Amino acid sequence: MKKRALLSVSDKNGILEFAKVLEGLGYELLSTGGTMKHLADNGVGVTAVDAVTGFPEIMEGRVKTLNPLIHGGLLAKQDDPSHIAEMEEHGIQPIDIVCVNLYPFKETISKPDVSADDAIENIDIGGPAMLRASAKNHAYVTVIVDATDYDQVISELTADGQTTLETRRRLAAKVFRHTAAYDALISGYLTDLSGEEFPEQVTYTYELKQPLRYGENPHQKAAFYSRPLGSDFSIASATQLHGKELSYNNIQDANAAIQIVKEFDIAAAVAVKHMNPCGVGTGETVFDAFSKAYEADSTSIFGGIIALNREVDAATAEKLSGIFLEIIIAPSFTKEAIEILTKKKNIRLMTISFDQNKKDQWNTVSVEGGLLMQEPDAYGFADADIKVATDREPTEVEWEAMKLGWAVVKHVKSNAIVVSDDHMTLGVGAGQMNRVGAANIALTQAGERAKGAALASDAFFPMDDTVEAAAKAGITAIIQPGGSVKDEDSIKKANEYGITMVFTGVRHFKH
């Protein structure tokens, strides 16, 4: 019996060459719609699927391959006597090769003005059904969903007349990954459309961006995956202009840096080490902003990741080039800046779109045996119910200092304290087991610069010891959520030292 191959693809790359090889090897080619026309127009002999089924395409092409004469040929065990007898009884011929890819659902829903009707029309039904049937029956059927696999299949068919079970199994696994990812996008789109926040099941799909040399430590394997249709404002969507491959820790730190820098509308620069900011600066220009970030902690910035929200010019590049840095991320670099910075072989230069910042996606964190999900902490100063809890109102400069500190402290691992003036961080206390411990670290780092500065806390003060420490260091303004049963003790202590203290009503824990 003549071997059969069914070809029906939306991606026509390589399909003509593949079909000609199969035709030369004696395969009967079955096809539908645009694929059939493409092959026939290029001189390839092809049989329409409806000529096999005896049933025309109906309902605008929604139904064409969903037929026992097709699916029987895909699912038959070709060495099982009972299956062979049933095929003979019902006039079914086996199909040995299936090459199918699906309606472009992802591309359709990525359009900003896509309608629900258009999205739904691009949900493929017959394609996944044929792929799944063929993949299930890969003991007998070679199924291809990716044009990059044509050459391997051709090589084996040409050499041995058939593909190996190992190849068929690998291709079947790829098919099920492909259809699972396809369905994940569909379920996600329809779930969003229906407004469900916490459905009974959630499935995300990710695409391999790059294997990594190693993970957090050299003995750990790792890879970087990106989320289809994810935010443009992400490391996964960034463009690398120069430098060696990113590492696992680079990606984590770079993500932390851009989450902080997007808090600012004015020119800002953020330096990150181990996912905590070691320096944040703002200014009239990007040069001013980076100068402040560097001044904030000129020791810890060594080997750090820098994110800037303005184009990097030559003057800023000269200053950046004088420091050992792992990554510099910005919306763009001038030609002169690139010439200066690329003199360093290993530094990574990356651009990211600040103009297309899509709505924040929910945060996901894996735990042993599960996944935590939460909406991002997008709560800003303008959202807060600000109350001045003390006798003294803040000055204009103190307001600006507190705003800066509060914007940064929510990105610092808890317990977190940030000391700042109106243009830069002066001290950062991160990840401590008690709040006064975090305050002491930040105040010690700030040193004499703490005099007249502001102190921001990610959560309330359980007692007045943090206010006492701040006062002794010279802090004049404090911003914190409030809400402790001992708030009055902190307020009294602040009034005693003439400190102005503001309550925001919102905490910013970060674990």
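Coordinates for the structure precede this section.
Since this is a predicted model, take the numbers as computed values, not measurements.

**Focus on the overall build of the protein**
Each helix and strand in the protein was counted, giving 18 helices and 21 strands. Rg of the C-alpha trace for the protein: 31 Å, well past the compact-globule value of 24 Å for 511 residues, more than 25% over. In terms of its C-alpha atoms, the protein occupies a principal-axis envelope of roughly 95 × 50 × 45 Å. In the protein, which comprises 511 residues, the share counted as buried stands at 46%. A sequence separation of at least 24 residues applies to 54% of the contacts in the protein between residues at least 6 apart. Accessible surface, the protein: about 25,100 Å² in total, of which carbon and sulfur atoms supply 50%. Put simply, the protein has 49 plus and 71 minus side-chain charges, and the middle of one group is 5 Å from the middle of the other.

**What to know about the environment of Ser234**
Inspection of the secondary structure puts Ser234 in the loop between β7 (222–226) and β8 (239–242). Placed 11 residues apart in sequence, Ser234 and Glu245 show a C-alpha to C-alpha distance of 17 Å. Apart from residues lying up to four places away in sequence, Ser234 is in contact with Ile258 and Ile352.

**Here we look at a nonpolar patch on the surface**
The grouping of Ile120, Leu190 and Leu193 at the surface amounts to a nonpolar patch, some 250 Å² of accessible area in total. Secondary-structure assignment places Leu193 in helix α10 (residues 165–194).

**A closer look at unusual backbone geometry**
Cis peptide bonds are those with omega within 30 degrees of zero, and the linkage from Ser414 to Asn415 qualifies with -10 degrees. Positive phi outside glycine occurs at Met275, with the angle close to 70 degrees. Along the chain, Met275 falls in the loop between β9 (267–273) and β10 (276–283).

**Remarks on the pattern of salt bridges**
Summed over all chains, the structure comprises 16 salt bridges. Between Glu207 and Lys106 there is a salt bridge whose closest N-O contact spans 3.0 Å. Within this pair, whereas Glu207 is found in strand β6 (residues 207–212), its partner Lys106 is found in helix α6 (residues 105–109), the two being separated by 101 residues in sequence. Among the residues examined, Glu207 registers a relative accessible area of 34% and is labelled partly exposed. We note a salt bridge from Arg170 to Asp149, for which the minimum N-O separation is 3.3 Å. Of this pair, Arg170 sits in helix α10 while Asp149 is found in the loop between β5 (142–144) and α9 (150–160), placing the two residues 21 residues apart along the sequence. Taking the relative accessible area as the measure of exposure, Asp149 reaches 6% and is therefore buried. Three or more residues are tied together by salt bridges with common partners; here these are Asp146, Asp149, Arg170 and Lys174.

**Concerning the side chain of Lys174**
Within the secondary structure, Lys174 is located in helix α10. Judged by relative accessible area, which is 18%, Lys174 ranks as buried. Within the structure, the side chain of Lys174 is placed 2.8 Å from the side chain of Asp149, a separation counted as a polar contact. Residues in contact with Lys174, not counting those within four places in the same chain, are Val145, Asp146, Thr148 and Asp149.

**Considering the sheet that holds strand β3 (residues 47–48)**
Reading across the sheet, the 5 strands line up as β3-β2-β1-β4-β5 and stay open at both edges, with parallel pairing between neighbours. Two strands close off the open sheet at either side, each with one partner strand: β3 and β5. Here strand β1 (residues 4–8) runs beside strand β2 (residues 28–31); their pairing, made up of 4 bridges, is parallel. Bridge assignment links Ala5 to a residue of β2, and that residue is Leu29.

**Description of the nonpolar core**
Of all hydrophobic cores here, the largest spans 41 residues; its most connected members are Ile235, Ile258, Phe264, Ile327, Ile329 and Val408. For this core, the secondary structure elements donating two or more residues are α11 (248–261), β9, β11 (304–308), β12 (325–330), α15 (396–409), β19 (454–457) and β20 (477–480). Apart from residues lying up to four places away in sequence, Phe264 is in contact with Val280, Thr282, Asn309, Leu404, Ala407 and Val408. Membership of the second largest hydrophobic core comes to 27 residues, among which are Ile70, Phe105, Leu131 and Val145.

**What to know about the pairing of β12**
In terms of burial, β12 is a largely internal element, 5 of the 6 residues being buried. Where β11 meets β12, 4 bridges bridge the pair, whose relative direction is parallel. Paired with Ile306 across the strands is Ile328, a residue of β12. Following the chain from β11 across helix α13 (residues 314–321) to the adjacent parallel β12, one finds a crossover that is right-handed.

**Comments concerning the pairing of β19**
For a regular strand, the rule is simple: side chains alternate between the two faces of the sheet. Residues of β19 alternate between two faces, with Ala454 and Ala456 on one and Leu455 and Ser457 on the opposite face, all of them buried. Where β19 lies against β20, 3 bridges are found, and the strand directions are parallel. Looking at β20, one finds that Ala456 is bridged to Ile479. With helix α17 (residues 465–473) bridging β19 and the parallel β20, this β-α-β connection has right-handed handedness.

**Considering the sheet that holds β10**
Strand order across the open sheet formed by 6 strands is β8-β13-β12-β11-β9-β10, with mixed pairing between neighbours. Either end of the sheet is taken by a strand with one partner, and the two such strands are β8 and β10. Pairwise comparison of adjacent strand axes, ignoring direction, gives a mean angle of 20 degrees for this sheet. On top of the sheet, helix α12 (residues 286–296) reaches β9, β10 and β11; it is set at about 145 degrees to β10, its chief contact.

So, how was this worked out
Residues numbered from 1 in each chain as written. Predicted model: local features only at pLDDT ≥ 70, side-chain atom pairs only at ≥ 80, totals over all residues. Heavy atoms only, no water. Helix = DSSP H or I, 4+ residues; strand = E, 2+ residues; numbered from the N terminus. Rg over C-alpha atoms; globule rule 2.2 N^0.38 Å. Buried < 20%, exposed > 50% of the residue type's maximum accessible area, 1.4 Å probe, protein only. Contact = heavy atoms within 4.5 Å. Areas by Shrake-Rupley, 256 points an atom, 1.4 Å probe, with all protein chains shown as cover. Lys, Arg positive; Asp, Glu negative; His and termini not counted. Charge placed at Lys NZ, Arg CZ, Asp CG, Glu CD. Patch = residues over 30% accessible without salt bridge, like charges linked within 9 Å, V, L, I, M, F, W, Y side chains within 5 Å. Salt bridge = Lys/Arg side-chain N within 4 Å of Asp/Glu carboxyl O. Polar contact = N/O pair within 3.5 Å; in protein donor to acceptor, adjacent residues only side chain to side chain. Pairing = 2+ DSSP bridges. Core = buried A, V, L, I, M, F, W, Y, C linked by side-chain atoms within 4.5 Å. Right-handed = clockwise from strand over helix to strand, strands pointing away. Axes fitted to C-alpha atoms, helices over the stretch in contact; angles between N-to-C directions.

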